[in-house]
Amino acid sequence: MFTKTITALAVVLAGVAVPAEAQEAPLALTPPMGFNNWNATGCAIDEQTIRDTADLFVSQGLKAAGYQYVNVDDCWAAQDRDTNGRLTANPTRFPSGIKALADYVHARGLKLGIYTSAGTQTCAKTMPGGLDHEDVDAQTFADWGVDYLKYDNCNNQGRPALERYTKMRDALRKTGRPIVLSICEWGENKPWEWGAGVGQLWRTTGDINDTWSKTVEILKKNAPLASFAGPGHWNDPDMLEVGNGGMTHTEYASHFSLWAMMAAPLLIGADLRKISPTNLDILRNREVIALDQDRLGVQAQVQSMVDGRWVFVKTLANGDKAVALFNETAVAAPISTSVSSLGLPRRPGYVVRDLWQHKDFSAAGEIAAVVPAHGTVVYRVSAGDWWRPQPLVSSGLSFAGSVPGIPAKITPAGTPFEVSVSATNHGVLPVINPRFDLRAPAGWDVSPLGQASRFVLRTGESASARWRVTPVGSGTPVLDSSVTFVGGSASSQTDLIVPGSPPHGSSALGDVPSALESGGYGPIERDMSNGGPKGGDGKPLSINGVHYAKGMGGHAPTEIIYYVGEQCSHVSMFVGIDDERDEKQAGAATFQIWADGVQKADSGLRTWQDDPVELSADLTGARFLRLVETDGGNTNSYDRGDWAMPVLTCS
Ligand code: GLA
């Protein structure tokens with residue numbers, strides 16, 4: 001009887017085709033973690049970079065922190081297939097070939113990823129794509145020992161995405177090697193609706209770049225897709241930019257925190273041979289990584305978003321809740337939520353662990369922080385021994401700007417401003433004897449205007465203190481505040497910009513240091529157009545065939561702020577869309593000059609076909625000059641604008 005059953009089972013197994021899915025070990029049960037060179041190097045990739053990265057994964061503790069895939073992006077392949085129709089590696093960039101590279105990476109306990117496009121050529125062109133070569137390419141990758149394939153969307157001949165990506169899925173399956181399939185069609189065909197079962201992750205947006213505006217734009221597209229993510233099928237808001245140099249430490253920590261909350265793939269996009277220790281520490285924050293890698297695989301939901309103040313909540317496998325308080329705005333802001341809204345069991349108190357401070361706090365019911373501009377506070381909230389840690393106290397510095405449109409953090413030397421520091425007790429037990437302190441750079445005048453006299457702060461109660469601060473010198477100093485109480489303390493910091501004095505006489509404005517500037521696609525360039533997100537990659541300034549030796553090139557939305565301190569009388573320049581137009585004949589934007597809060601000149605809509613137009617303004621009595629390029633109301637694609645031959649006249 002027993003033997004018969006076994007035999008019958010064997011017959012069933014031998015005779016019935018077991019669905020392909022059932023044969024496979026599931027892949028990417030948590031979001032893939034690793035590296036991809038594209039954001040750091042673009043096409044300038046070679047095998048040594050990949051080998052060095054694998055070594056650094058081990059020596060810098062990244063492997064131990066969970067980073068596993070070392071991925072090569074576009075431009076690794078030779079231009080032509082070999083006589084058997086197989087892809088081969090570019091002999092200059094990868095002289096040892098991909099198999100040897102995979103062996104090198106595997107020997108370090110890591111995995112190798114590779115790239116091609118579901119089209120006739122890859123996105124960088126000239127390299128062959130996988131369309132109609134799925135079987136041979138998948139087999140080649142498997143033979144080489146590749147573990148991960150990023151499959152892009154360029155040159156797709158208008159063929160349906162589902163068909164193209166499914167063909168590659170099937171080809172990979174046929175090889176028998178487990179290879180993660182990363183669908184990279186930029187969210188164009190709603191891959192979140194069909195990607196599960198085809199690949200393990202799908203890009204939800206166009207390419208990221210190393211700017212705050214692009215990071216936030218992508219966040220906003222990816223966040224609403226939370227319900228589509230889960231173990232083995234992830235939304236991919238693109239690779240990390242942490243460490244590439246275009247954002248502040250606060251912004252990179254936000255980027256990393258929010259990607260982890262969204263259960264995004266964590267693919268390091270910086271050159272690990274050059275990354276700063278502080279940026280490396282962001283990438284190695286194991287408590288934040290643990291949120292990303294939580295085995296429940298839930299993407300954080302947006303609980304609320306009011307005026308750029310966001311609350312993200314992510315449920316974790318052990319029942320804890322991760323809460324990210326994200327401040328999109330340019331000034332510090334209090335952000336809060338309540339434990340009752342998180343769905344934790346009702347208790348007298350909770351343990352709130354700050355995953356960047358690596359410290360526990362005790363909370364009664366409100367989860368709050370004063371979040372710095374562009375910052376994210378990440379808490380892990382649990383029903384632990386709430387009576388042990390110090391009370392959760394949110395504390396922050398605030399000060400108001402005096403000129404409309406100019407961020408308060410620009411504080412010229414010699415001009416006093418008022419700073420207020422507040423503290424609110426969110427703990428269960430009272431905060432006793434809070435004392436405030438404010439520290440400014442040496443030589444600054446800091447005069448107290450009033451200290452909080454309250455001796456006890458009960459749950460929910462606040463106190464504050466005020467100072468008058470007068471900066472000296474110039475630079476980007478930091479103001480530190482703290483509140484100390486019996487058994488604990490809380491502190492906060494804020495960055496300031498103290499601009500230098502305005503120039504004398506007549507100056508080429510591009511050579512005058514600005515107080516603050518930002519562009520929509522990489523930095524504002526000097527004496528060249530904006531070529532891309534990296535900086536220094538533009539061409540000589542040129543508007544409809546008219547070339548200019550000097551000026552600024554930016555990509556909308558652009559803002560450049562100068563401190564002119566009532567010393568300047570006039571500014572003038574030529575504006576228009578730069579001739580750097582790619583193959584697309586596109587681009588339209590408006591250019592404006594503002595003096596303090598007043599708009600002084602507006603170019604009207606300028607398109608790529610328009611001649612340069614002169615823009616000038618009287619600056620008499622103004623403290624700040626602000627140059628603005630808007631996207632002209634039709635998205636900012638190709639909006640590369642020039643401020644050509646700008647001249648600032650001062651006393
Ligand atoms: C596309 C992808 C990028 C990168 C490049 C390579 O733009 O979206 O992530 O792979 O191609 O050419």
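Scroll up a little and you will see the structure.
Residues numbered from 1 in each chain as written. Predicted model: local features only at pLDDT ≥ 70, side-chain atom pairs only at ≥ 80, totals over all residues. Heavy atoms only, no water.

Q: Help me understand unusual backbone geometry, please; the structure alone is not making it clear to me.
A: Across residues other than glycine, the phi torsion is negative in most instances, and most of the peptide bonds are trans. Each neighbour pair has its own omega, and for Ala-556 with Pro-557 the value is -5°, a cis peptide bond. Here Pro-557 lies in the loop between β31 (551–555) and β32 (558–563). With a phi close to 65°, Asp-132 is a non-glycine residue in the positive phi region. By the element assignment, Asp-132 lies in the loop between β3 (111–117) and α6 (134–144). Since its relative accessible area comes to 46%, Asp-132 is described here as partly exposed. (Helix = DSSP H or I, 4+ residues; strand = E, 2+ residues; numbered from the N terminus. Buried < 20%, exposed > 50% of the residue type's maximum accessible area, 1.4 Å probe, protein only.)

Q: Looking at this structure, how should I read the sheet that holds strand β2 (residues 69–71)?
A: Strands belonging to one sheet form pairs held by backbone hydrogen bonds; the direction of such a pair is parallel or antiparallel. Reading across from one edge, β7-β6-β5-β4-β3-β2-β1-β8 is the order of the 8 strands in this open sheet, with parallel pairing throughout. Two strands close off the open sheet at either side, each with one partner strand: β7 (234–236) and β8 (266–268). Strand-to-strand twist of the sheet, defined as the mean angle between neighbouring strand axes without regard to direction, takes the value 25°. Judged from the 5 bridges that link them, β3 and strand β4 (residues 148–152) form a sheet pairing that is parallel. Within the sheet, the bridge partner assigned to Ser-117 lies in β4 and is Asp-152. Lying on the sheet, helix α5 (residues 97–107) is in contact with β2 and β3; it crosses β3 at an angle near 145°. Across the sheet, helix α7 (residues 161–175) is in contact with β4 and β5 (180–183); its angle to β4 comes to roughly 160°. (Pairing = 2+ DSSP bridges. Axes fitted to C-alpha atoms, helices over the stretch in contact; angles between N-to-C directions. Contact = heavy atoms within 4.5 Å.)

Q: Mind showing me how you'd approach the site of the ligand here?
A: Residues in contact with the ligand, as listed here, are Trp-38, Asp-73, Asp-74, Tyr-115, Cys-123, Ala-124, Lys-150, Asp-152, Cys-184, Trp-186, Arg-203 and Asp-207. Asp-74 is positioned such that a nitrogen or oxygen atom in its side chain is 2.7 Å from an oxygen atom of the ligand. Residue Lys-150 places a side-chain N or O atom 2.7 Å away from an oxygen atom belonging to the ligand. Taking 310 Å² as the accessible area of the ligand by itself, protein coverage stands at 93%. (Near = heavy atom within 4 Å. Polar contact = N/O pair within 3.5 Å; in protein donor to acceptor, adjacent residues only side chain to side chain. Areas by Shrake-Rupley, 256 points an atom, 1.4 Å probe, with all protein chains shown as cover.)

Q: Which parts of the structure should I look at to understand empty space enclosed by the protein?
A: Empty space among the atoms becomes apparent when a probe as large as a water molecule is rolled across them. Within the structure shown, the criterion is met by 2 cavities of 30 Å³ or more. Computed from the structure, the largest cavity encloses a volume of approximately 40 Å³. Lining the largest cavity are Tyr-148, Lys-150, Ser-182, Arg-203, Asp-236, Asp-238, Met-239 and Leu-267. Residues belonging to the lining of the largest cavity are distributed by class as follows: 3 nonpolar, 1 polar and 4 charged. Roughly 30 Å³ of volume is contained in the second largest cavity. Residue composition of the lining of the second largest cavity, grouped by class: 7 nonpolar, 2 polar and 1 charged. (1 Å grid on protein atoms, 1.4 Å probe; cavity = no way out; pocket = protein on both sides within 12 Å on 5 of 7 lines; lining within 4 Å. Points joined across faces, edges and corners; volume = space filled by probe spheres on them. Nonpolar A, V, L, I, M, F, W, Y, C, P; charged D, E, K, R; others polar.)

Q: Teacher, can you tell me more about the packing of aromatic side chains here?
A: When we look at a pair of aromatic rings, we describe it by the centre distance and by the angle of the planes. Counting across every chain of the model gives 15 aromatic pairs. With centroids separated by 6.1 Å and ring planes inclined at 50°, the aromatic side chains of Phe-141 and Trp-144 adopt a geometry described as tilted. Pair noted here: Phe-141 and Trp-144 are both in helix α6, with a separation of 3 residues, about one helical turn. Take Phe-141 and Trp-144: they sit in the same class, and that class is buried. Measuring from ring centre to ring centre gives 5.5 Å for Tyr-563 and Phe-624, while their planes differ by 55°; the resulting arrangement is tilted. Of this pair, Tyr-563 sits in strand β32 while Phe-624 sits in strand β37 (residues 624–630), and the two are 61 residues apart along the sequence. (Phe/Tyr/Trp six-rings, centres within 6.5 Å; stacked < 30°, edge-to-face > 60°.)

Remember that the coordinates give geometry; whether it matters functionally is a separate question.
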